[in-house]
Amino acid sequence: MDDALVRAGRALRLVLLVVLALVFLIPFYLLVRNGLSSEQDITSPEWTFFPGALRWGNVRELFDDPSVPFARSLLNSALIAVATTLGTLLLASLAGYGLARIPYRHANKVFYGILGTLLVPAAVTFVPSFVLVSSLGWISTLRGLIVPTLFSAFACFVFRQYFLGFPRELEDAAQVDGLGYWRTYWLVVVPNARPVFAAVGTIVFLGAWNSFLWPLVIGQDQNAWTVQVALSSFTTSQVIRLHELFVAAVVSVLPLLLVFLCFQRWIVAGVERSGID
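Residue positions are given per chain, counting from 1 as you read along its sequence in written order. Per-residue local features are limited, in this predicted model, to residues with pLDDT of at least 70; the limit for side-chain atom pairs, both in listing and counting, is 80 or more; totals at the level of whole chains, interfaces and linings are taken over all residues. Hydrogens and water molecules were not included; the side-chain quantities draw on all heavy atoms of the structure.

The protein appears in an unreviewed UniProt entry as Sugar ABC transporter permease from Streptomyces filipinensis. What UniProt records for the protein under Sequence similarities (unreviewed entry) is the sentence "Belongs to the binding-protein-dependent transport system permease family." According to UniProt, the comment filed for the protein under the heading Subcellular location (unreviewed entry) is "Cell membrane". UniProt positions are given in the numbering used here, feature names are shortened, and annotations may be inferred rather than shown by experiment.

A. Region of the structure containing the overall build of the protein. Counting its secondary structure elements, the protein contains 14 helices and zero strands. Secondary structure elements follow DSSP: runs of H or I no shorter than four residues count as helices, runs of E no shorter than two count as strands, and numbering proceeds from the N terminus. For the protein, the N- to C-terminal ordering of α and β elements is α-α-α-α-α-α-α-α-α-α-α-α-α-α. The C-alpha radius of gyration of the protein comes to 24 Å, more than 25% above the 19 Å expected for a compact globule of 277 residues. Over its C-alpha atoms, taken along the principal directions, the protein stretches across nearly 75 × 70 × 35 Å. We call a residue buried when its accessible area falls under 20% of the maximum for its residue type, exposed when it is over 50%, and partly exposed in between, using a 1.4 Å probe and counting protein chains only. Classification of the 277 residues of the protein by burial places 37% in the buried group. Two residues qualify as a contact provided that any one of their heavy atoms is within 4.5 Å of a heavy atom in the partner residue. Intrachain contacts of the protein at a sequence separation of at least 6 include 73% that bridge at least 24 residues. What sets the accessible areas is the Shrake-Rupley method with a 1.4 Å probe; for residues, cover comes only from the shown protein chains. Looking at the protein as shown, the accessible area adds up to about 16,300 Å², and 68% of this sits on carbon and sulfur atoms. In this count, Lys and Arg are taken as positive residues and Asp and Glu as negative ones, while His and the chain termini are left out. We put the charge of a Lys on NZ, of an Arg on CZ, of an Asp on CG and of a Glu on CD. The averaged location of the 16 negative side-chain charges in the protein is 9 Å from the averaged location of its 18 positive side-chain charges. Put simply, the radius of gyration uses C-alpha atoms, and a globule should come to 2.2 Å times the residue count raised to 0.38.

B. The arrangement of the packing of helix α5 (residues 107-116) against helix α8 (residues 153-164) in detail. To get an axis, fit a line to the C-alpha atoms, keeping to the stretch in contact for a helix; angles then go from 0 to 180 degrees between the N-to-C directions. It is the contact of α5 with α8, at a shortest axis distance of 9 Å, that shows an interaxial angle of 140°. The angle between the axes of α5 and α8 places the two elements in the oblique class. The residues of α8 that touch α5, namely those facing Asn 108, Phe 111, Ile 114 and Leu 115, are Ala 153, Cys 156, Phe 157, Arg 160 and Gln 161. Per-class residue counts for the contact of α5 with α8 are six nonpolar, two polar and one charged. Throughout, the term roughly parallel applies to angles under 35 degrees, roughly antiparallel to angles over 145, roughly perpendicular to angles from 65 to 115, and oblique to all others. Ten residue types, Ala, Val, Leu, Ile, Met, Phe, Trp, Tyr, Cys and Pro, are classed as nonpolar, four, Asp, Glu, Lys and Arg, as charged, and the remainder, Gly among them, as polar.

C. Representation of the nonpolar core in the model. Note on terminology: a nonpolar core comprises buried Ala, Val, Leu, Ile, Met, Phe, Trp, Tyr and Cys residues joined through side-chain atoms within 4.5 Å. Counting residues in each nonpolar core, the largest one holds 19 residues, and the members touching the most others are Leu 62, Phe 70, Leu 74, Phe 205, Trp 209, Phe 234 and Ala 248. At the level of elements, α4 (70-101), α11 (194-210), α13 (227-232) and α14 (242-273) are the ones that each hand at least two residues to this core. Per element, the largest residue contribution to this core is five residues, and it comes from α14. Formed by 17 residues, the second largest nonpolar core is a distinct cluster that contains Ala 92, Phe 166, Val 189 and Phe 197.

D. The arrangement of the pattern of salt bridges in detail. Salt bridge, as used here, is a side-chain nitrogen of Lys or Arg placed within 4 Å of a carboxyl oxygen of Asp or Glu. Applying the stated criterion across every chain, the model contains two salt bridges. In this structure, Asp 65 and Arg 241 form a salt bridge, with 2.6 Å as the shortest nitrogen-oxygen distance. Placement of Asp 65 in the loop between α3 (57-64) and α4 and of Arg 241 in the loop between α13 and α14 is noted, with a sequence separation of 176 residues between them. A single burial state applies to Asp 65 and to Arg 241, both of which are buried.

E. Structural context of the UniProt feature "transmembrane region" (unreviewed entry) in the protein. Here the UniProt feature "transmembrane region" (unreviewed entry) sits at residues 12-32, 78-99, 111-139, 145-164, 185-209 and 245-263. Structurally, residues 245-263 is divided into 100% helix and 0% strand, and its ends, taken at the C-alpha atoms, are 28 Å apart.

F. Structural view of the environment of Leu 213. Mapped onto the fold, Leu 213 is located in helix α12 (residues 213-218). On a C-alpha basis, the gap between Leu 213 and Val 229 in space is 8.5 Å, while along the polypeptide they are 16 residues apart.

G. Fine view of the packing of aromatic side chains. Note on ring pairs: Phe, Tyr and Trp rings are taken, using the six-membered ring of Trp, and paired if centres are within 6.5 Å. Classes follow the plane angle, with under 30 degrees stacked, over 60 edge-to-face and the rest tilted. Applying the stated criterion to the full structure yields 17 aromatic pairs. Residues Phe 126 and Trp 214 carry aromatic rings whose centres are separated by 5.4 Å and whose planes lie at 85° to one another, so their mutual orientation is edge-to-face. In this pair, Phe 126 is assigned in helix α6 (residues 122-135) and Trp 214 in helix α12, connecting sequence segments 88 residues apart. On the accessibility criterion, Phe 126 (22% relative accessible area) is partly exposed. Plain terms: the ring middles of Tyr 162 and Phe 166 are 6.5 Å apart, the flat faces sit at 50° to each other, and that makes the pair tilted. Of the two residues examined, Tyr 162 and Phe 166, each falls in the buried class. Each residue in the set Tyr 97, Phe 159, Tyr 162, Phe 163, Phe 166, Trp 182, Tyr 185, Trp 186 and Phe 197 is aromatic and connected to the rest through ring pairs, giving one cluster. Here Arg 160 stacks its cationic end above the ring of Phe 111, 3.9 Å away from the centre of that ring. Whether a charge sits over a ring depends on NZ of Lys or CZ of Arg being within 6 Å of the ring centre and within 35 degrees of the ring normal.

H. Quick look at unusual backbone geometry. In this structure, Ser 140 is a non-glycine residue whose phi angle is positive, near 60°. Mapped onto the elements, Ser 140 comes out in the loop between α6 and α7 (142-146). Judged by its relative accessible area of 25%, Ser 140 is partly exposed.

The following block contains the structure:
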């Protein structure tokens, strides 16, 4: 009887997980379905699971559209996301390691000051940041899109919490071998902290890729558009190109899925070991 109940419980959980997975996959199905349809199929009152003829030419039409440089936007988003992720990981991990390990009587005050910046709404600093970037002549440049977003108080907090629980024995052994804080960080800490680097890096990459308002304001030239800005250009007050919008959304989601699939096994481990509830 007990074995039967256990098997029934497992079967019920499996069915529930399959149902939830299908529910979460519905938006992806709609993106693919509408991306390979014509305008008439998308707006038709008669719904079909898939249109009679899949329009694979929509993908070619997307990249050939002269009014929206989508390939350039993909490249810009990739450069911005990668540069922002690498820069944030470097700055936040150094700050977190310093606050957690380097003796300094004002370390807690500095840490609380960093946490205090999380309470400041982004709208408050948006205009001053724009004025500063504009005065530097960084409008419609990658520098203007990347540099102001490099430091993350949240990432610094995660790294600091993680390094507080990092085994001191490894650092003590490195110091016995004559390594200072800098070489200990590079040669000992970083190689053994891959889970938290992967977790924070994934979060930062997703945020940089999906960012819209800052790239919209700073990237005033088409050559500086990101994917999100390019997507918004398909629905304007003058024209609505639904099939291009959906196929562009599918293409823009693929890099995010690839990053998540590559680092998913480290994300949970990194967040758990960072001390976040």
